[in-house]
Amino acid sequence: MTLRRSIRWWGAITVLIASSGCSSDSNGVEVSNVASSAAPEATAGDTTPAPTGAASTSPSAASTTAATASPPLVDPVVTLTQLGTFPHPVEVAWRSTDGLTYVVEQDGQVVIMTDGQPGAVALDMTDLTSADGERGLLGLAINAEGTLAYVDYTNNDGNTRIDEYAIDADGIFDPASQREVLGFDQPYPNHNGGDIDFGPDDMLYISAGDGGSGGDPDRRALNLGEWLGKLLRIDPRHSADAAYTVPSDNPFVGVEGARPEIWAYGLRNPWRISFDRSTGDLWIADVGQGQWEEVDVGWAADGGGRGLNFGWSAMEGNHRFNDDQSADGVTPPIHEYEHVGQDCSISGSALYRGTAVPALVGWYVFADYCSGQVRALQIADRAEVKQVGLAKTGSVTAISEGPDGELFVLTSGGQIYAIAPG
């Protein structure tokens, strides 16, 4: 049974329907479908929220062949359909061989989702991590063969670890197979990044925040001698005595003083990344400082983000931030929005490539953690055409892609919704 059919048969509760203007349903939940021309919104202060949820999508069989679709004639209208409740969901991931779907719990469990409801526990690593602010189990990626899982978490000392587990035919992870692939210390408790994803090149991409505090006090994000504030790219399979291999085509291999694992840099807290399954383009939702949230893109045709500098902390979005950091060669975001109203922190997401909502195909869907506003960007010719509001719910920790391109909305309250036709 495909995910789209499962949505139809789950007996789920429809809670939010987008419509023109703003209104409230019988439960007092505000919904909207308000278009704007990339006009930003946004709150103040260094507010990267404690996720109590927040994380990554797993590998997709992405094609590097660009797929160009004509812009839809009408704006998408969607319904958020409530599925199961999970204690601390931060991501939905899946196994490409059979579509088996997992929910990543920040407190250290990976749970199989069956017919939209919690099923068997695939992995319990609560002895190794715990949900504490922005710490915990944060990301999951599964190899193309469906035999190995990689988790990104902060250990009991607060430091980042990437571990590998073998997966059996039923989708259960073998705790005895645990192997540390990569690890690095975190100087502060926040800005851990935490997303991992296999790209269309079958390499593992790891999002690493700038290490925390506020304002990049140690100036790590643009320092190529640091892993922090970067997107890393490795081959996680061990060879000989090496826990992982650095791909020879990484941009800083052989560059004196640079970490060879770095793929892209100048990131503050890339909480969620995704690869467009139709084009292979890399999309990054990077949490801002006190005023601007941003969406960055590495176009597959130009190398998929290879060697790009996304600007932090010389820049926050399109705006100058630390004057002592060079802004030369910065790749600007494709979209930014300001902290106004309740907005404070972008919760990233993916391009919609499902079939349930045809008008949404090719739009980039994201949300804000504090306001709970779910939005979509229409993109054409590598530029934003417009933004629309889709719905509003509780604090959104992530928007994750399922095996058939349909999208899930995860909240800090434990709810998971499917984006369905309005």
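Residues numbered from 1 in each chain as written. Predicted model: local features only at pLDDT ≥ 70, side-chain atom pairs only at ≥ 80, totals over all residues. Heavy atoms only, no water.

**What to know about the pairing of strand S11 (residues 148-154)**
Where burial is concerned, most of S11 is hidden: seven out of the seven residues are buried. Alternating residues of S11 divide into Leu148, Tyr150, Asp152 and Thr154 and Ala149, Val151 and Tyr153, and every residue in both groups is buried. The sheet contact formed by strand S10 (residues 137-142) and S11 spans five bridges and is antiparallel. Paired with Gly139 across the strands is Asp152, a residue of S11. Linking S10 back to S11 in an antiparallel pair, the connection comprises five residues, with Gly146 at a positive phi of about 75 degrees. Where S11 and strand S12 (residues 160-167) come together, seven bridges link them in antiparallel fashion. In the sheet register, Tyr150 faces S12, and the bridge partner there is Glu164. Here S11 folds back onto S12, and the loop between the two strands holds five residues, one of which, Gly158, carries a positive phi near 85 degrees. (Buried < 20%, exposed > 50% of the residue type's maximum accessible area, 1.4 Å probe, protein only. Helix = DSSP H or I, 4+ residues; strand = E, 2+ residues; numbered from the N terminus. Pairing = 2+ DSSP bridges.)

**Remarks on the pairing of strand S29 (residues 407-411)**
Of all the five residues making up S29, five are buried; the element is thus mostly covered by neighbouring parts of the structure. Of the two faces of S29, the one lined by Leu407, Val409 and Thr411 and the one lined by Phe408 and Leu410 are each fully buried. Pairing geometry for strand S28 (residues 396-401) and S29, over five bridges, is antiparallel. Looking at S29, one finds that Val396 is bridged to Thr411. Between S28 and S29, which pair antiparallel one after the other, the connecting turn spans five residues, and Gly405 there sits at a positive phi close to 90 degrees. For S29 and strand S30 (residues 415-421), the ladder comprises three bridges, and the chain directions are antiparallel. Paired with Leu410 across the two strands is Ile416, which belongs to S30. Remark: three residues form the turn of the hairpin made by S29 and S30, two consecutive strands paired antiparallel; Gly414 in that turn has positive phi of roughly 100 degrees.

**Observations regarding the packing of aromatic side chains**
Across all of its chains, the model carries 12 aromatic pairs by this definition. Seen from their ring centres, Phe252 and Tyr265 are 5.8 Å apart, and the 80 degrees between their planes marks the pair as edge-to-face. Here Tyr265 lies in strand S17 (residues 262-265) and Phe252 lies in the loop between strand S16 (230-234) and S17, a separation of 13 residues in the sequence. Overall, the relative accessible area of 11% leaves Phe252 in the buried class. Tyr265 sits in the buried class, given a relative accessible area of 16%. By way of ring pairs, the aromatic residues Trp283, Trp299, Tyr337, Tyr364 and Phe366 are connected into one cluster. The ring of Trp271 carries Arg272 above its face, with NZ or CZ at 3.7 Å from the centroid. In this arrangement the basic side chain of Arg375 is found over the ring face of Tyr337, its NZ or CZ atom lying 5.1 Å from the centre. (Phe/Tyr/Trp six-rings, centres within 6.5 Å; stacked < 30°, edge-to-face > 60°. Lys NZ or Arg CZ within 6 Å of the ring centre and 35° of its normal.)

**As for the sheet that holds strand S15 (residues 204-208)**
If you walk across this open sheet you meet the four strands as S14-S15-S16-S17, and the pairing is antiparallel. In the strand order of this sheet, the two ends are held by strand S14 (196-198) and S17, each with one partner. Adjacent strand axes in the sheet meet at a mean angle of 20 degrees, parallel and antiparallel pairs treated alike. Sheet topology note: the S14/S15 ladder contains three bridges and is antiparallel. If you follow Ile196 over to S15, its bridge partner there is Ile206. (Axes fitted to C-alpha atoms, helices over the stretch in contact; angles between N-to-C directions.)

**Notes on the state of the cysteines**
All chains considered together, the criterion is met by one disulfide. The disulfide partner of Cys344 is Cys370, and the gap between their sulfur atoms is 1.9 Å. Across the S-S bond of Cys344 and Cys370 the torsion is about 70 degrees, and the bridge reads as right-handed. A residue pair is termed long-range when its members are at least 10 positions apart, and Cys344 in the loop between strand S23 (335-338) and strand S24 (346-351) and Cys370 in the loop between strand S25 (364-368) and strand S26 (373-380) qualify at 26 residues. (Disulfide = S-S within 2.5 Å.)

**Side note on the environment of Arg375**
Within the fold, Arg375 resides in strand S26. Spatially, the C-alpha atoms of Arg375 and Gln387 are 6.9 Å apart, while their sequence positions differ by 12 residues. Among the polar contacts made by the side chain of Arg375, one reaches the side chain of Asp343 at a distance of 2.8 Å. Here the side chain of Arg375 touches Gln387 through a polar contact of 2.9 Å, side chain to side chain. (Polar contact = N/O pair within 3.5 Å; in protein donor to acceptor, adjacent residues only side chain to side chain.)

**A word on unusual backbone geometry**
Glycine aside, the phi torsion of most residues is negative, and most peptide linkages are trans. Residue Trp312 is joined to Ser313 through a cis peptide bond whose omega torsion reads 10 degrees. In the Ramachandran plot, His191 falls in the positive-phi region, its phi being about 60 degrees despite a non-glycine side chain. Note that His191 resides in the loop between strand S13 (173-184) and S14. Judged by relative accessible area, which is 0%, His191 ranks as buried. In the Ramachandran plot, Arg382 falls in the positive-phi region, its phi being about 60 degrees despite a non-glycine side chain. Inspection of the secondary structure puts Arg382 in the loop between S26 and strand S27 (383-392). Taking relative accessible area as the criterion, Arg382 reaches 42% and is therefore assigned partly exposed.

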